[in-house]
Amino acid sequence: MAVMEKIYNDYVSDGIEIHSDNFRDDALLKAGLKLNHLRMIVTIEDHGQISAAAESMNMSQPAASRMLSEMESIVKSPLYERVARGVVLTPFGLALAKRARKILLELREAGRELGALRTGKGGSVFLGAVTAPAISLVVPAIQRVTRTYPGIEINIEVENSNVLARELLAARHDFIISRIPDDLDPRLFTAHEIGVEKACLVVRNGHPLLEKGVAGLHDLAGYDWVFQPPGTLLRRKVEDIFLAAGVPLPENVVNTSSLLLTLAVVCKTDAIAPIALDMAQFICGQTSQAGESSILPIDFDIDVRPYSLITARERAMPPSARLLHDMILEESRHLSLT
């Protein structure tokens, strides 16, 4: 009952006029609102198509359409409307999806907590990070937390900021270490800036540029490059450096988000690749084939926009996630002093 009262209050706070007869005490539950209805409205918001939502929930499209009709009958309001490329949620649908996502997250956290109690483990943590802090901050923090609390299970995704921020909003991560993308509302997040990501250029051992000692921008333009996909921060930073100096951008480019494929191309060709400095220092010191690469000395810096420790606003983290979050924050403060 308290949950449904909260949904009602949040509808009102979102500026939506609702007749009191529609939301009275546990009226939604009595009218037949079920967890699958909540999953459906969230899935519709995520996919923007009834067919894709139906596939995600392992049901037929007609069944998904019937479920949406049921929900509209229960809440006595239109929840979605059709557009050229699928469907969009109405203000009523958006308000319900927002609260449904929180309800489903709380149920997931309840399952995690009960499972931890049954097994005697310390719970699970789901986090995402861009490459540099994954090496310099997350790994040391994991060593500390698992040594002190050996029952904690940690799940890590290393991706670019665009992916991680959306995964956080979809409640697939407890927190992330990245940047808030320009196309997302920063008010959805709480961010604590913790560091600047430094990058460098890597080439194969024996690359012709290594004989020069220190390479300049004009030395780099004639070579093949391996970049992250267009629009990613590191790529844009390198492109901006070229443009600001009036040097033509590289013509022959391989685009990939895979670090493994990046290193494979670098080690087998004369291609150049920008990667996070922390990762490059780790890789270039290994004895595997990935270690057959070197950091190319250059006469300019590649400093990417600062990254932050980011949580979803108004969403509480479970104790295990809060513990790792605080250890990473402490680790970042320690590094800033060294």
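Below is a summary of the structure that appears in this document. (Residues numbered from 1 in each chain as written. Predicted model: local features only at pLDDT ≥ 70, side-chain atom pairs only at ≥ 80, totals over all residues. Heavy atoms only, no water.)

### Remarks on the pairing of strand S11 (residues 302–312)
When a strand is regular, its side chains alternate between the sheet's two faces. Judged by how many residues are buried, S11 sits mostly within the fold: eight of eleven residues are covered. As judged from the three bridges shared by strand S5 (residues 175–178) and S11, these two strands associate in the antiparallel manner. Across the sheet, residue Ser178 finds its bridge partner in S11, namely Ser308. In this structure, strand S6 (residues 189–204) lies alongside S11, joined through nine bridges in antiparallel fashion. By the bridge assignment, His192 is partnered in S11 with Leu309. (Buried < 20%, exposed > 50% of the residue type's maximum accessible area, 1.4 Å probe, protein only. Helix = DSSP H or I, 4+ residues; strand = E, 2+ residues; numbered from the N terminus. Pairing = 2+ DSSP bridges.)

### Section: the packing of aromatic side chains
With the rule as written, the count across this model stands at two aromatic pairs. On the numbers, 5.3 Å between centres and 20° between planes, the contact of Trp225 with Phe227 is stacked. With 5.6 Å between their ring centres and 80° between their planes, Trp225 and Phe242 make a pair best called edge-to-face. Here Phe242 lies in helix H10 (residues 233–244) and Trp225 lies in strand S7 (residues 225–227), a separation of 17 residues in the sequence. On the basis of relative accessible area, Trp225 is assigned to the buried category, the value being 1%. (Phe/Tyr/Trp six-rings, centres within 6.5 Å; stacked < 30°, edge-to-face > 60°.)

### Things to note about helix H3 (residues 35–47)
An α-helix turns once per 3.6 residues; consequently, residues spaced three or four apart project the same way. Relative to the 18 Å expected for 13 residues at 1.5 Å per residue, H3 spans 18 Å between its end C-alpha atoms, a close match to the ideal helical length. Within H3 the residues assigned to the buried category are His37, Leu38, Met40, Ile41, Val42, Thr43 and Ile44. Downstream of H3 by one or two residues, Gly48 has phi in the positive range, about 70°. (Expected span 1.5 Å × (residues − 1).)

### Observations concerning the pattern of salt bridges
One pass over the structure, following the stated rule, counts 15 salt bridges. In this structure, the salt-bridge partner of Asp182 is Arg236, at a minimum N-O distance of 3.9 Å. In this pair, Asp182 is assigned in the loop between S5 and S6 and Arg236 in helix H10, connecting sequence segments 54 residues apart. For Asp270, the salt bridge goes to Arg204, with nearest N and O atoms at 2.8 Å. Taken together, the positions of Asp270 in the loop between helix H11 (259–268) and strand S9 (273–276) and Arg204 in strand S6 put the pair 66 residues apart, joining distant regions of the chain. By relative accessible area, Asp270 is classed as partly exposed at 29%. For Arg204, a relative accessible area of 22% corresponds to the partly exposed category. (Salt bridge = Lys/Arg side-chain N within 4 Å of Asp/Glu carboxyl O.)

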